[in-house]
Amino acid sequence: LFINRGETIFIVGGNGSGKSTFINILTGLYQPSEGNILLNNLQIDSNKTKIQDLIAAVFTDSYIYSNNYDSYSLVDNKKYQELLEKMELNEIVLDQKESSARRIFSKGQTKRMSLILALLEEKPILVLDEWAADQDPYFRKYFYETLLPKLKEEGKTIIAVTHDDMYFKHADRIIKFDSGKIVKDTEVTDKNHSDFLWH
């Protein structure tokens, strides 16, 4: 599998098809039992911090740490305020304290706050595991039709696990897993149709 800089890739497949294992290997959480991971043609699978330094991820089971272990601050952070407004959390998070951003939210709000914190890391690769699954229809549409294209314009490489086939046209490629193998790697050429994958 080759992933090119700036691509938006959707990962699809049924339960147990290998999507989560792939994401965990890609983000360095799992060590591959065979094969190699290369970054710009240099083997890095023995040095997982190399790839982890490039990736910000939001997983299906999303947790927000109670402390900020990253280099950014939320105080007087213009980008943070803009993201809160875009994710409609500005009326829920009423101040700039870390504790306000790192409290208990609903599942959908937790995913939105996790994405805000991931974007504040300013990493070039964004991995999203079923991010839209816990969102209402408005935010699901906003995620695919507004947010992902904007992040692509900013140069992000986006790898998103999804089942939302009505939004497949917003990807550059769709990679389908089955029984731990890639069975289809389809380039999206017709952005006007969302059912191309099954032809």
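Residues numbered from 1 in each chain as written. Predicted model: local features only at pLDDT ≥ 70, side-chain atom pairs only at ≥ 80, totals over all residues. Heavy atoms only, no water.

For this particular structure, what's the right way to read the overall build of the protein chain?
In terms of regular secondary structure, the protein chain is built from six helices and eight strands. The N-to-C order of helical and strand elements in the protein chain reads β-α-β-β-α-β-α-α-α-β-α-β-β-β. Whereas a compact globule of 199 residues would reach a radius of gyration of roughly 16 Å, the protein chain reaches 17 Å, a difference of no more than 12%. Its C-alpha atoms put the protein chain at 50 × 40 × 30 Å along the principal axes. (Helix = DSSP H or I, 4+ residues; strand = E, 2+ residues; numbered from the N terminus. Rg over C-alpha atoms; globule rule 2.2 N^0.38 Å.)

Could you clarify how one ought to interpret a nonpolar patch on the surface in this entry?
Taken together, Leu 1, Ile 3 and Ile 182 make up a surface patch of nonpolar side chains, about 230 Å² in accessible area. Residue position: Ile 3 is located in the segment before strand S1 (8–12). (Patch = residues over 30% accessible without salt bridge, like charges linked within 9 Å, V, L, I, M, F, W, Y side chains within 5 Å. Areas by Shrake-Rupley, 256 points an atom, 1.4 Å probe, with all protein chains shown as cover. Salt bridge = Lys/Arg side-chain N within 4 Å of Asp/Glu carboxyl O.)

In this structure, what is going on with the side chain of Arg 112? I would like to understand it.
Turning to its location among the elements, Arg 112 is positioned in helix H5 (residues 107–120). Look at Arg 112: it is buried, it has no salt bridge, and the nearest opposite charge is Asp 136 at 5.2 Å. A distance of 3.2 Å separates polar atoms of two side chains, one belonging to Arg 112 and the other to Gln 135. Excluding residues that lie within four positions of it along the chain, Arg 112 makes contacts with Met 87, Glu 88, Leu 89, Trp 131, Gln 135 and Phe 139. (Buried < 20%, exposed > 50% of the residue type's maximum accessible area, 1.4 Å probe, protein only. Lys, Arg positive; Asp, Glu negative; His and termini not counted. Polar contact = N/O pair within 3.5 Å; in protein donor to acceptor, adjacent residues only side chain to side chain. Contact = heavy atoms within 4.5 Å.)

I'm lost on the sheet that holds strand S4 (residues 55–58) in this one. Help?
Think of a sheet as strands paired side by side through backbone hydrogen bonds, with each pair either parallel or antiparallel. Read across the sheet, six strands follow the order S4-S5-S6-S1-S7-S8 without closing on themselves; strand pairing throughout is mixed. One side of each edge strand has no neighbouring strand; the edge strands of this open sheet are S4 and strand S8 (181–187). Taking each pair of neighbouring strands and ignoring which way they run, the sheet shows an average axis angle of 15°. In the sheet, S4 pairs with strand S5 (residues 125–129) via four bridges, with the strands oriented parallel. When the sheet's bridge partners are listed, Val 58 is paired in S5 with Leu 128. (Pairing = 2+ DSSP bridges. Axes fitted to C-alpha atoms, helices over the stretch in contact; angles between N-to-C directions.)

Looking at this model, I keep getting lost on the pairing of S1. Mind explaining?
In the case of a regular strand, side chains alternate between the two sheet surfaces. With five of five residues buried, S1 lies mostly within the body of the structure. Of the two faces of S1, the one holding Thr 8, Phe 10 and Val 12 and the one holding Ile 9 and Ile 11 are both buried throughout. Looking at chain direction, S1 and strand S6 (residues 157–161) are connected through four bridges and run parallel. Considered in S6, the bridge of Ile 9 is made with Ile 159. In the sheet, S1 pairs with strand S7 (residues 173–178) via four bridges, with the strands oriented parallel. Its bridge partner being in S7, Phe 10 is matched across the sheet by Ile 174.

Would you mind going over the pattern of salt bridges with me for this structure?
Once the charged atoms of two side chains with opposite charge are near each other, the side chains can pair. Taken as a whole and judged by the stated rule, the model has 10 salt bridges. Linking Lys 141 and Glu 145 is a salt bridge whose minimum nitrogen-to-oxygen distance equals 2.8 Å. Placement of both Lys 141 and Glu 145 in helix H6 (residues 137–153) is noted, with a separation of four residues, approximately one turn of the helix. Given a relative accessible area of 34%, Glu 145 falls into the partly exposed group. In this structure, Lys 150 and Glu 154 form a salt bridge, with 2.5 Å as the shortest nitrogen-oxygen distance. Salt bridges here are not isolated pairs; linked through shared partners, they connect Glu 7, Arg 173 and Asp 185.

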